[in-house]
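Breakdown of the fold
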Amino acid sequence: MRGFPVTGTGGRVEYRLARNAVVSEFHKGRLSKLDVCDAHPELIAGGPQCGRTPARAMPHLRGPPLVHVTYVFGPRLPSHGRCPTSATELSRLCRRADEVVCYVVEVCPDCAWNHLARMYPAGGRHRASASAARRGNG
């Protein structure tokens, strides 16, 4: 998966429909817990330190609230992206002169559920709209 091209006219993309389809398939028994609870260990470890808890509970199991973890990719950032640890750091990354792309992943640190929640461009010519995207950012 190559992700969103940093240059272009793209905007915010929500993945709620894809998420709902996965949850529906799980409830129908077409997907096992192992299929939907397969988060990478770094994503699980980053949740408590870098994540923000949204007002949504687990979609398929009773358990702790989900954590939204944001990764930022772009020029002059590590190839694995940057996982901002505070709202201030995320804001600074989104105000850069270079365009960046932010991916917000919902994660359950206990059972390893994970799903891409949204993606949005920021920085560069997207700086003005980035603050609105971050307000919806989990």
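Quantities reported herein were computed from a predicted structural model and do not represent experimental measurements.

Criteria and thresholds
- Residues numbered from 1 in each chain as written.
- Predicted model: local features only at pLDDT ≥ 70, side-chain atom pairs only at ≥ 80, totals over all residues.
- Heavy atoms only, no water.
- Phe/Tyr/Trp six-rings, centres within 6.5 Å; stacked < 30°, edge-to-face > 60°.
- Helix = DSSP H or I, 4+ residues; strand = E, 2+ residues; numbered from the N terminus.
- Buried < 20%, exposed > 50% of the residue type's maximum accessible area, 1.4 Å probe, protein only.
- Pairing = 2+ DSSP bridges.

Focus on the packing of aromatic side chains
Across all of its chains, the model carries one aromatic pair by this definition. Ring geometry for phenylalanine 73 against tyrosine 103: centres 5.7 Å apart, planes inclined by 80°, an arrangement best described as edge-to-face. With phenylalanine 73 in strand E2 (residues 67–73) and tyrosine 103 in strand E3 (residues 99–107), the pair connects residues that are 30 residues apart, well separated along the chain. Tyrosine 103 sits in the buried class, given a relative accessible area of 14%.

Focus on the pairing of strand E4 (residues 114–123)
Within E4, nine of the 10 residues are buried, which leaves the element mostly enclosed by the surrounding structure. Sheet topology note: the strand E1 (residues 13–14)/E4 ladder contains two bridges and is antiparallel. Looking at E4, one finds that valine 13 is bridged to methionine 119. Note: E3 against E4, nine bridges, orientation antiparallel. Each bridged residue has a counterpart across the sheet, and for valine 100 the counterpart in E4 is alanine 122. Hairpin remark: E3 followed by E4, antiparallel, with six residues in the connecting loop; positive phi at alanine 112, about 75°.

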